[in-house]
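Close look at the chain arrangement
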Amino acid sequence: KGLTVELIKTCRILVWDQIGSGTLEAFTSEVPTIVYWKRIYSREAPWAKDLVANLEKYGVVHSDPVTLVQEIKIYLTDPEAWMENYGRKEAIKVFCQKFALTNPLWYDQWQQKIMEF
């Protein structure tokens, strides 16, 4: 897609049309991100509904344009407070632990797993 961390960090906030790899990269890079997901072409798996519902609860995922605009206005009023909101950070963290786990020591973890075989 041509997106780089350097490029997306120049944006005030990213708005995605669904949760995908770009969204996950933005989450893990701590780039302000909101998802307007009408679920036309994709839906969350049944076992992910609670995780997505938690993102909705904390204003990260929206299916209504009115709440989306309201949340963006809240963000624009105080971006730092929006990003540091504990509930939002936790919802994103839990989601990423399931779908976008990152670790700077990934090589060691992989090597250890491979050695178990």
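Because the structure is predicted, anything quoted here is derived from the model rather than measured.

1. What about helix α6 (residues 86–99)?
The periodicity of an α-helix, 3.6 residues per turn, causes residues three or four positions apart to be oriented the same way. Compared with the 20 Å implied by 1.5 Å per residue over 14 residues, the 20 Å span of α6 between its first and last C-alpha is a close match. Residues of α6 that are buried: Gly87, Arg88, Ala91, Ile92, Phe95 and Cys96. Taken around the axis of α6, the buried residues stretch over an arc of 165 degrees, which confines them to a single face. In this structure, the buried residues of α6 make contact with α2 (21–28), α3 (49–57), α4 (65–77) and α5 (79–84). At the N-terminal boundary of α6, the capping side chain belongs to asparagine 85, with an oxygen 3.1 Å from the backbone nitrogen of glycine 87.

2. Digging into unusual backbone geometry
Located in the positive-phi region is glutamate 30, a residue other than glycine, with phi close to 55 degrees. In this fold, glutamate 30 is placed in the loop between α2 and β2 (33–36). Positive phi, close to 60 degrees, is recorded for arginine 39, a residue that is not glycine. Looking at the element boundaries, arginine 39 is found in the loop between β2 and α3. On the basis of relative accessible area, arginine 39 is assigned to the buried category, the value being 12%.

3. Let's talk about the side chain of glutamate 44
In this structure, glutamate 44 sits in the loop between β2 and α3. By relative accessible area, which is 16% here, glutamate 44 ends up buried. A polar contact of 2.8 Å, which involves the side chain of glutamate 44, links it to the side chain of arginine 39. If we skip the residues at most four places from it in the chain, glutamate 44 touches Trp37, Arg39, Lys49 and Val52.

4. Here's the deal with the packing of aromatic side chains
This structure, assessed with the given rule, holds four aromatic pairs. Taking the centre distance of 6.3 Å and the plane angle of 85 degrees together, the rings of phenylalanine 27 and phenylalanine 95 count as edge-to-face. In this pair, phenylalanine 27 is assigned in helix α2 and phenylalanine 95 in helix α6, connecting sequence segments 68 residues apart. For phenylalanine 27, a relative accessible area of 6% translates into the label buried. With a centroid separation of 5.8 Å and 25 degrees between ring planes, the pair formed by tryptophan 47 and phenylalanine 99 is classed as stacked. One end of the pair, tryptophan 47, is in the loop between β2 and α3; the other, phenylalanine 99, is in helix α6, with 52 residues separating them in the sequence.

Cut-offs and rules
- Along each chain, numbering runs from 1 in the same order as the chain's sequence is written.
- In keeping with the predicted nature of the model, local features appear solely for residues at pLDDT of at least 70, side-chain atom pairs appear and are counted solely at 80 or more, and the whole-chain, interface and lining totals rest on all residues.
- Side-chain measures were taken over the full set of non-hydrogen atoms in the model, leaving aside hydrogen atoms and water.
- Strands here are runs of E lasting at least two residues and helices are runs of H or I lasting at least four, both read from the DSSP assignment and numbered beginning at the N terminus.
- Helices are assigned an expected span. That span is 1.5 Å times one less than the residue count.
- Accessibility here uses a 1.4 Å probe with only protein chains present; expressed as a share of the type maximum, an area under 20% marks a residue as buried, one over 50% as exposed, and anything in between as partly exposed.
- The directions from the helix axis to the C-beta atoms form the arc being described.
- Only heavy atoms enter the contact rule, under which two residues are in contact if any of them lie within 4.5 Å.
- Polar contacts, as counted here, are pairs of nitrogen or oxygen atoms within 3.5 Å of one another; within protein the pair requires one atom able to donate a hydrogen and one able to accept it, and residues that are adjacent in sequence qualify only if both atoms are side-chain atoms.
- Any Phe, Tyr or Trp ring, taking Trp's six-membered ring, that has another such ring centre within 6.5 Å forms a pair; planes under 30 degrees apart are called stacked, those over 60 apart edge-to-face, and the others tilted.

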